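Observations on chain architecture
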Amino acid sequence: IGGAEIYNEAMPMAQKLEITHVHHTFEADAFFPEIDLKIWNEVAREDFFADEKNKYDYSFVSYIRK
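Now for a description of the structure that goes with this document. What you are looking at is a predicted structure, and each value in this text was computed from that prediction instead of being measured. Every chain is numbered on its own, with residues counted from 1 as its sequence reads. Given that the model is predicted, a residue must reach a pLDDT of at least 70 before its local features are reported, and side-chain atom pairs must reach 80 or more before they are shown or counted; all residues, however, enter totals for whole chains, interfaces and linings. For side-chain calculations, the full set of non-hydrogen atoms in the structure is used, while hydrogens and water are omitted.

Any carboxyl oxygen of Asp or Glu within 4 Å of a side-chain nitrogen of Lys or Arg constitutes a salt bridge here. Evaluated as defined, the whole model comprises 3 salt bridges. A salt bridge links E18 to K16, with the nearest nitrogen and oxygen atoms 3.2 Å apart. Across this residue pair, the class does not change: E18 and K16 are exposed. Salt-bridge contacts for E42 lead to R45; the nearest nitrogen and oxygen are separated by 2.9 Å. Here the term buried applies to any residue with accessible area under 20% of the maximum for its type, exposed to any over 50%, and partly exposed to those in between, with areas from a 1.4 Å probe on protein chains only. Judged by its relative accessible area of 39%, R45 falls in the partly exposed class. Through salt bridges with shared partners, a single ionic network connects E42, R45 and D47.

Here it is as structure tokens:
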């Protein structure tokens, strides 16, 4: 089982998500499931810009199930 499979199976049981969104497109073969905003409320966000320690802009986002 790959990472994407585990996330897909666990999502229906989750009540809260703590997600780091990296604002860049990468080549990959496994992805976290789409966060459906009909099901999830964004309750907190911290945005960060690329700097000498981090190559890409990113955001820490908290979601809770509606």
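Residue types Ala, Val, Leu, Ile, Met, Phe, Trp, Tyr and Cys, when buried and joined through side-chain atoms within 4.5 Å, form a set referred to as a nonpolar core. Formed by M11, A14, L17, I19, I35, W40, V61 and Y63, the largest nonpolar core amounts to 8 residues. Of all elements in the fold, only β1 (16-22) and β3 (58-65) reach the threshold of two or more residues within this core. The contact rule is simple, with two residues in contact once any of their heavy atoms fall within 4.5 Å. Setting aside its immediate chain neighbours within four residues, W40 contacts M11, A14, Q15, K16, L17, I35, Y63, I64, R65 and K66. Put simply, DSSP marks the helices as runs of H or I at least four residues long and the strands as runs of E at least two long, and each gets a number from the N terminus on.

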